[in-house]
Amino acid sequence: MSGAPGVTSLATAVAACWPSTPLTVPVLVEADASGGDIAAWRSLDSDESHKGLVSLAVASRTPAPVRVSGAGEAWAQAGLVGAPVTEAVLRYAVEVPGGLRVVPAPADPLEAGRAVAMLAHNPALLGSGRVTVLDVGRAVPGSAGAALLRHADVVIVLADPGQVGHAARLRACAPVLASLRDDGIRLGLAITGSCPHSDGEVSQIAANLPVWARIPHDSVGAALVRGEHRPPTRLRDRWAAWRSQRRDPDSLEWMPLIKAAKSLAELCDDFSGIGVAVRERGAVEVGVA
Ligand SMILES: Nc1ncnc2c1ncn2[C@@H]1O[C@H](COP(=O)(O)OP(=O)(O)OP(=O)(O)O)[C@@H](O)[C@H]1O
Ligand SMILES: [Mg+2]
């Protein structure tokens, strides 16, 4: 949804908070046709030319058989057919401090747009990962980003229905959202901003999609997601941090954004295991529109 700040932040936090197992290596693919932010946030080296969205998109056009080796072999033996291709996606990812693997988009919208269009035509490389979280930015109906949503298992739509214009666009997108749902994709809403409407009211204008989360304003959590260390200054935040870290020194969940993202990641993880129509590729993608 246009003007809904926080898509990349939420997608990053969801990927980082995904419940991990030895077989699960979540990867965040920044498939935003308007250009990426993560490389700038994390000062990623643009010289790593074989990494990133453009390289992933080019590779997706000529899908070579992926060699099953190492961990991939173990996964295959465990009957997890999608695992080797996960490795292929990971090949284009960089690991950022904290351990998250990210396929960053170029900042240039022309380059990013071309790469997203290529991926939308050849989504196979994205499709077989164990956990691939996709940031499609503003998924305008008819765009390549929106086309990518058709290949997802779970879609989170981030919107700010407290703004009149936003609510109108959400209502206008209802048929598209309903058709994605009719295709067997799980969709839910994440509400941002200070929305005065109840979950039921918001749901009504958005094809009756459930409200999965309300994303709080959290400048400390948002800074962490950008890779900046910003200690809490507000008394309320300092108190929450102190109480939480007394129980678990490593816990980051005192930050409201991180807590909300973790709940969403757990919900999506549950959906990937139950209830979702079984897909050949067994992948989970979360497009945050
Ligand atoms: N929950 C939040 N609380 C406070 N600040 C936030 C929150 N989410 C994101 N931000 C901040 O808002 C700005 C925009 O966030 P982000 O880049 O995630 O939005 P976006 O919707 O992806 O924007 P773009 O259209 O540029 O892709 C960033 O500086 C980010 O740190
Ligand atoms: Mg973004």
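Everything discussed here concerns the structure shown above.
Parameters and conventions
Residues numbered from 1 in each chain as written. Chains lettered and ligands numbered in written order. Predicted model: local features only at pLDDT ≥ 70, side-chain atom pairs only at ≥ 80, totals over all residues. Helix = DSSP H or I, 4+ residues; strand = E, 2+ residues; numbered from the N terminus. Contact = placed C-beta atoms within 7 Å. Near = placed C-beta within 6 Å. Nonpolar A, V, L, I, M, F, W, Y, C, P; charged D, E, K, R; others polar. Axes fitted to C-alpha atoms, helices over the stretch in contact; angles between N-to-C directions. Left-handed = near helix turned anticlockwise from the far one by under 90°. Core = buried A, V, L, I, M, F, W, Y, C linked by C-beta atoms within 7 Å. Buried ≥ 20, exposed ≤ 12 C-beta atoms within 10 Å, placed from the backbone. Pairing = 2+ DSSP bridges. Arc of directions from axis to C-beta.

Caption draft 1: Just the overall build of the protein chain, in detail. Across its full length, the protein chain carries 14 helices and eight strands. Sequence separation of 24 or more characterises 77% of the internal contacts of the protein chain that already satisfy a separation of 6 or more.

Caption draft 2: A look at the site of ligand 1. Every one of the 16 residues lining ligand 1 counts as a neighbour, but Gly6, Val7, Thr8, Ser9 and Ala222 are closest to it. Of all the secondary-structure elements, those providing two or more residues to the shell around ligand 1 are helix H1 (7-16) and helix H12 (219-225). Sorting elements by how many residues they give to the shell around ligand 1 places H1 first, with three residues. Residue classes in the shell around ligand 1 are distributed as six nonpolar, six polar and four charged.

Caption draft 3: View of the packing of helix H3 (residues 53-61) against helix H6 (residues 109-121). Running from N to C, H3 and H6 cross one another at 35°; their axes reach a closest spacing of 9 Å. At the point where H3 passes H6, the crossing takes the left-handed sense. On the side of H3, the interface is formed by Leu53, Val54, Ala57, Ser60 and Arg61, while H6 contributes Glu111, Ala112, Ala115, Met118 and Leu119. Among the residues making up the contact of H3 with H6, the classes are represented as seven nonpolar, one polar and two charged.

Caption draft 4: Inspection of the nonpolar core at higher detail. In terms of nonpolar packing, the biggest core is built from 83 residues, with Val14, Leu53, Leu189, Ala190, Ala261 and Leu264 touching the most fellow members. Beyond its immediate chain neighbours, meaning those up to four positions away, Leu264 contacts Val14, Ile156, Ala190, Trp212 and Ala213.

Caption draft 5: Expanded view of unusual backbone geometry. With a phi angle near 55°, Ala207 is a residue other than glycine that sits in the positive phi range. Summarising the element assignment, Ala207 is placed in the loop between helix H11 (199-205) and strand E7 (211-214). Non-glycine residue Asn208 carries a positive phi angle of around 60°. Looking at where Asn208 falls in the secondary structure, it is placed in the loop between H11 and E7.

Caption draft 6: Just the pairing of strand E1 (residues 27-30), in detail. Alternating positions in E1 separate into two faces, Val27 and Val29 on one and Leu28 and Glu30 on the other, with burial throughout. Direction of pairing for E1 relative to strand E3 (residues 101-103): parallel, over a ladder of three bridges. From the neighbouring strand, Val27 faces E3, where its bridge partner is Arg101.

Caption draft 7: Spatial organisation of the environment of Gly36. You can see Gly36 is positioned in the loop between E1 and helix H2 (38-41). The exposure class of Gly36 is buried, given the 28 C-beta atoms found within 10 Å. Apart from the residues lying within four places of it in its own chain, the contact partners of Gly36 are Glu30, Pro104, Ala105, Pro106, Ala107 and Ala112.

Caption draft 8: Examining the pairing of strand E5 (residues 154-159) more closely. Most of E5 is tucked away: six of the six residues are buried. Neither face of E5 is left uncovered, since the one carrying Val154, Ile156 and Leu158 and the one carrying Val155, Val157 and Ala159 both have all their residues buried. The sheet contact formed by E5 and strand E6 (residues 186-191) spans six bridges and is parallel. When the bridges of E6 are listed, Ile156 appears paired with Gly188.

Caption draft 9: Highlighting H3. Inspection of H3 places Leu53, Val54, Leu56, Ala57 and Ser60 among the buried residues, and these make up the whole buried set. The buried residues of H3 occupy an angular sector of 160° when the element is viewed end-on, so they sit on one face.

Caption draft 10: Region of the structure containing the environment of Ile185. Counting through the fold element by element, Ile185 comes out in the loop between helix H10 (174-182) and E6. For Ile185, a count of 21 C-beta atoms within 10 Å translates into the label buried. Once the C-alpha coordinates of Ile185 and Val155 are considered, the two residues, 30 residues apart in sequence, prove to be 7.2 Å apart.

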